[in-house]
Amino acid sequence: MRHTQLRSFHAVAQRSSFTAAARELGVSQPTITTQVKSLELEFGVELFVRRGRRIELTETGSGLLEITRRLFADEKEAADYLNETRGLKTGHLRVGAVGPYHVTDMLAAFNARHPGLYVSVTVGNSRDTLRDLLDYRTDVAVLAHVDPDPRLVAIPYRRHRVIAFCPADHPFAQRRSIRARDMEGQRLIVREAGSTTRRAFDQAMREADVRPKVVMEIGSRESIREAVAKGIGMGVVSEAEFIPDPRIRKLPIADAEIYTYAHVVHLKERQKARLVHAFLQVLTGLLPVSSPSSRRRPSNSRR
């Protein structure tokens, strides 16, 4: 078994494509195919099955992928370590985030400290962002909600108030704020059930014994903004994510403490990895003053 065989297998498994793997590794597709086939023949196993034009991992292939993820994460860490001896002038930090709003300040500060490092950011939902971190596809993640997990270290970073917003011609549009009870019976457009903004808002409404009328569920904050602008109903959003628009009006909820949170999360086993450590050092300078014990624990507070 050769390193090139594992590298080829890993690239195909990650991309679910021999063509994409060849492009990633800068070799021809026949070369990738030969490397994978020779690995299968050497051990008498089947790593992939073809279903029409798609390829899927077999059970053996899935097991091997778990190993190669760790293998190439360790290989990257070794390269990062050697780059550290050159003063962190080169390297590639991979960041996962649930949205661009929480991560921008961190990236700007990191780039200012380490301008020679390359940073890539993957934006996705909470489930995919966490999965990429656990699968070693990213080095750090920025998540709104983190369940306690012994594999993870979660550092509270920021909290943002949740606000309502309405169309410019809505009866509330001339107000500077509303109260929770004003949402009773209001037509409401919401995010999907797993959204941290929705969870925080729903919890606050239950505590206030208020029942808005949910008329639409959309899995995109941009689409919700457009639906509100067209007069379908009201919406709720993290204040940090509210984009001023002449068609809508922002409405803080004066008597309700509703927040979403941002946590920086990394694998506990990789907290001393060079690029992860460098990112955390930059993050420390951005955190509000608090005791160290409050910074490094999985957050389980109400959203």
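It should be noted that the structure appears before, not after, this text.
Residues numbered from 1 in each chain as written. Predicted model: local features only at pLDDT ≥ 70, side-chain atom pairs only at ≥ 80, totals over all residues. Heavy atoms only, no water.

What the protein contains, in helices and strands, is 10 helices and 11 strands. The dimensions of the protein, computed from C-alpha atoms along their principal axes, are 70 × 50 × 35 Å. Within the span of the protein, comprising 303 residues, buried residues form 45% of the whole. Counting only contacts in the protein whose residues sit at least 6 apart along the sequence, the fraction spanning at least 24 positions is 76%. Accessible surface computed for the protein: about 16,000 Å², of which carbon and sulfur atoms make up 50%. (Helix = DSSP H or I, 4+ residues; strand = E, 2+ residues; numbered from the N terminus. Buried < 20%, exposed > 50% of the residue type's maximum accessible area, 1.4 Å probe, protein only. Contact = heavy atoms within 4.5 Å. Areas by Shrake-Rupley, 256 points an atom, 1.4 Å probe, with all protein chains shown as cover.)

The next thing to look at is the pairing of strand β5 (residues 140-143). Burial of the side chains of β5 extends over both faces: V140 and V142 are buried on one face and A141 and L143 on the other. Relative to β5, strand β3 (residues 92-97) runs parallel, the two being bridged by three bridges. Bridged to V95 within β5 is V140. (Pairing = 2+ DSSP bridges.)

Once that is clear, we can look at the nonpolar core. By size, the foremost hydrophobic cluster in this structure holds 23 residues, and its most contacted members are M106, F110, Y157, V264, F279 and L283. Put simply, the parts of the chain that give this core at least two residues each are β3, α5 (100-113), β5, β6 (152-167), β11 (259-267) and α9 (274-284). With seven residues, α9 is the largest single contributor of residues to this core. Not counting residues up to four positions away in its chain, the partners in contact with L283 are M106, I155, Y157 and V264. Of all hydrophobic cores here, the second largest spans 21 residues; its members include V162, I178, M234 and A256. (Core = buried A, V, L, I, M, F, W, Y, C linked by side-chain atoms within 4.5 Å.)

Turning to the environment of R2, a few remarks are in order. Its place among the elements puts R2 in the segment before α1 (3-15). We classify R2 as partly exposed; its relative accessible area is 47%. If we skip the residues at most four places from it in the chain, R2 touches Q35 and S38.

Further remarks concern the packing of α1 against helix α2 (residues 18-25). Across the interface, α1 lies against α2 with an axial gap of 8 Å and an inter-helix angle of 125 degrees. Of the possible angle classes, the one that applies to α1 and α2 is oblique. Handedness of the crossing formed by α1 with α2: right-handed. Between α1 and α2, the residues in contact are R7, S8, A11, V12 and R15 and F18, A20, A21, E24 and L25, respectively. Broken down by class, the residue content of the contact of α1 with α2 amounts to six nonpolar, one polar and three charged. (Axes fitted to C-alpha atoms, helices over the stretch in contact; angles between N-to-C directions. Parallel < 35°, antiparallel > 145°, perpendicular 65-115°, else oblique. Left-handed = near helix turned anticlockwise from the far one by under 90°. Nonpolar A, V, L, I, M, F, W, Y, C, P; charged D, E, K, R; others polar.)

Time to look at unusual backbone geometry. Residue S16 is not a glycine yet carries a positive backbone phi of 55 degrees. Its location among the elements puts S16 in the loop between α1 and α2. Since its relative accessible area comes to 46%, S16 is described here as partly exposed.

The next subject is the environment of T58. Note that T58 resides in the loop between β2 (54-57) and α4 (59-84). For T58, a relative accessible area of 13% corresponds to the buried category. Taking the C-alpha atoms as reference points, T58 and V45, separated by 13 residues in sequence, lie 9.5 Å from one another. When neighbours within four sequence positions are excluded, T58 is seen to be in contact with E46, L47, F48 and V49.

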